[in-house]
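Here is how the chains run, residue by residue.
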Amino acid sequence: MLTPHTIAENSPIASTVGTLTSVDADVGDTFIYALVPGAGSTDNGSFRLTGDVVSTAGVFDFETKSVNTIRVRSTDSGGQVFEKPLTINVLDIDEAPVAVVGTAPLVVKIGDVNGDGRRDLVVANSTASSVSVLLGTGGAAFAPATTFATGAGPVALVLADWNHDGNLDIATANTTDTTMTILTGNGSGAFGGAVTLITGPQPTGLATGDLNNDAKADLLLASNGTNSVSVFLGN
């Protein structure tokens, strides 16, 4: 028998599955084990056998295949042979959801960009010169990303309502072309009306808040190239 006979999905190659044991009329007898062809040997190639230890020769995915079978031969010290197919079950692991965005994502912000009460994600993709918007569908799930162009090399990102229409807008600091892009939200999760502002060299940081107590969102932009912070007052 093989004990245990399970392996968690996504376990690395060479992970131990379990140990083989045999029962023999001769108490204390020793055994040699081998993977052999025959009925139940379908997945022999996916496992390794070292002495009496079975380990993995690949990475397993529960959703693709949850049950594997190997055929093992046990030979005792007297040369007596017994073969048996054994089952190895793949355990389902609660995997974190993965969302695909643009290349070289650097910054992620959370906000409700379509007004449905669910948290959405906005991601700055530095080498793609874009932002990806992923609308929340409930829990930790998100719809596929929608991409909107920014200036070249966005490395900072903030969300606020700068045009006072009740919808979140996006601002990015773009270090490659020394600009700041503001994308206005339409309340459905889409963004347009891009405004581009020239900044100091190498803008690297953004923050937003009401700096002058006029109930309007302002912007602060840090420029690494000039060791300065610029203030853009909302109107």
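Computed from a prediction, not measured in an experiment: that's the story for all the values here. (Residues numbered from 1 in each chain as written. Predicted model: local features only at pLDDT ≥ 70, side-chain atom pairs only at ≥ 80, totals over all residues. Heavy atoms only, no water.)

Asks: Which residues make up the overall build of the protein chain, and what values go with them?
Replies: The helix and strand tally for the protein chain stands at zero helices and 21 strands. At 29 Å, the protein chain has a C-alpha radius of gyration far larger than the 18 Å of a compact globule built from 235 residues. Reported as C-alpha extents along the three principal axes, the dimensions of the protein chain are approximately 90 × 40 × 30 Å. The buried share among the 235 residues of the protein chain stands at 35%. Nonlocal contacts in the protein chain, meaning residues at least 24 apart in sequence, comprise 42% of its contacts between residues at least 6 apart. If you sum the accessible surface of the protein chain, you get close to 12,100 Å²; carbon and sulfur atoms cover 56% of it. Measuring between centres, the 9 positive side-chain charges of the protein chain sit 6 Å from its 23 negative side-chain charges. (Helix = DSSP H or I, 4+ residues; strand = E, 2+ residues; numbered from the N terminus. Rg over C-alpha atoms; globule rule 2.2 N^0.38 Å. Buried < 20%, exposed > 50% of the residue type's maximum accessible area, 1.4 Å probe, protein only. Contact = heavy atoms within 4.5 Å. Areas by Shrake-Rupley, 256 points an atom, 1.4 Å probe, with all protein chains shown as cover. Lys, Arg positive; Asp, Glu negative; His and termini not counted. Charge placed at Lys NZ, Arg CZ, Asp CG, Glu CD.)

Asks: Got a sec to walk through the nonpolar core? Specific residues and values, please.
Replies: Where a protein is soluble and globular, its nonpolar side chains tend to be buried together. If you look at the biggest cluster of nonpolar residues, it comprises 13 residues, and the most contacted ones within it are Leu-2, Val-17, Leu-20, Phe-47, Val-54, Ile-70 and Ile-88. Going through the elements one at a time, β3 (16-20), β7 (67-76) and β8 (81-91) are the ones with two or more residues in this core. Those residues in contact with Leu-20 that sit more than four places away from it in its chain are Met-1, Leu-2, Tyr-33, Leu-49, Asp-52, Val-54, Val-72 and Leu-86. (Core = buried A, V, L, I, M, F, W, Y, C linked by side-chain atoms within 4.5 Å.)

Asks: Give me the sheet that holds strand β5 (residues 47-50): which residues, what numbers.
Replies: Strand order in this open sheet of four strands is β1-β3-β6-β5, and the pairing throughout is antiparallel. On the outer flanks of this sheet lie β1 (2-3) and β5, each paired with one strand and no other. Sheet analysis places β1 next to β3, joined by two bridges and oriented antiparallel. Looking at β3, one finds that Thr-3 is bridged to Thr-19. (Pairing = 2+ DSSP bridges.)

Asks: Give me the pairing of strand β16 (residues 169-174): which residues, what numbers.
Replies: Summarising burial for β16: six of the six residues are buried, a large majority. Examined bridge by bridge, strand β15 (residues 154-160) and β16 share six bridges and lie antiparallel to one another. Counted as the bridge partner of Pro-154 is Asn-174 from β16. Bridge count for β16 against strand β17 (residues 179-185) is five bridges, and the pairing is antiparallel. Bridging across to β17, Thr-172 finds its partner in Thr-181.

On their own, these measurements won't tell you what the molecule is for.
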